[in-house]
Amino acid sequence: MKNRELNSAVVLCGGMGRRMGSDKGLLVMEGRSFIEIITDKLLGYFSEVAVVFRDSGQAANYTGLLDSSIRILTDEVPGVGPLGGIFTALGRISGSAALFLPCDSPLVTGEFLLNMKDAFRVMGAGCDAIVPCRDDLPEPLHAVYSVKIRDHIDGLLAKNERRVRVLLDSIESCRIDAISLDPSLRSFRNFNRPEDLRI
């Protein structure tokens, strides 16, 4: 089957940040917000970058932080977590698939991004999702998802199923050892609580 390029990337930024006590995309590392760090990295590797917020009020808090080329999306189905953000983005991107990242992973590496693009080039035609795994556990928010599964997600949400791992178990998921994508595993380091910021 013809090889394809992965040109779209999406940052999921709609979480409430309850454990952190604040909106995680606005957290600052070395003088820059997480969302700036992540989207600037993505712009170096992807021609289309989008950020999904929970609503327009949250999006307004990010005014001035995002490059003008970044697409700003808001959840079509409110209050259903990351699965809702994936659903929203898959209906709006221009490509056949996108790499998704959470807004609390500012240490994502260029090596990881390139390796995910390579994985899609090789495996994308036969996979609904390409998912890094550590110790046999998936990293579902550092994964590539195909637009083909949007209707399937719609069905899950209609049944009030919000767990991304249930999605992965019900589609053609291709799993890759995370350490082969990023030997440092820094790309998967996320920040959930204030003490996590002490790095």
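Above this text you will find the structure in question.
Here we summarise the structure given alongside this text.

Rules used in this analysis
Residues numbered from 1 in each chain as written. Predicted model: local features only at pLDDT ≥ 70, side-chain atom pairs only at ≥ 80, totals over all residues. Heavy atoms only, no water. Helix = DSSP H or I, 4+ residues; strand = E, 2+ residues; numbered from the N terminus. Buried < 20%, exposed > 50% of the residue type's maximum accessible area, 1.4 Å probe, protein only. Disulfide = S-S within 2.5 Å. Pairing = 2+ DSSP bridges.

Considerations on unusual backbone geometry
For N160, which is not glycine, the phi dihedral falls at a positive 65°. Relative to the helices and strands, N160 resides in the loop between α5 (150-158) and α6 (164-169). Phi is positive for L185, close to 60°, though the residue is something other than glycine. For L185, the location among the structural elements is in the segment after α7 (178-181). Residue L185 is classed as partly exposed on the basis of its relative accessible area of 24%.

Looking at the state of the cysteines
Applying the stated criterion to the full structure yields 1 disulfide. What pairs with C127 in a disulfide is C174, and their sulfur atoms sit 1.9 Å apart. Handedness of the C127-C174 disulfide follows from its S-S torsion of about -95°: it is left-handed. One end of the pair, C127, is in the loop between α4 (110-123) and β7 (129-134); the other, C174, is in strand β10 (residues 173-177), with 47 residues separating them in the sequence. Of the residues examined, C127 reaches a relative accessible area of 6% and is grouped as buried. No disulfide involves C13; its nearest neighbouring cysteine sulfur is the one of C103, lying 3.6 Å away.

Looking at the pairing of strand β4 (residues 48-53)
β4 sits mainly inside the fold: 6 of its 6 residues count as buried. Along β4, one buried face is formed by E48, A50 and V52 and the opposite face, lined by V49, V51 and F53, is buried too. Across 4 bridges, β4 lies against strand β5 (residues 71-74) in parallel orientation. Its bridge partner lying in β5, F53 is registered against T74.

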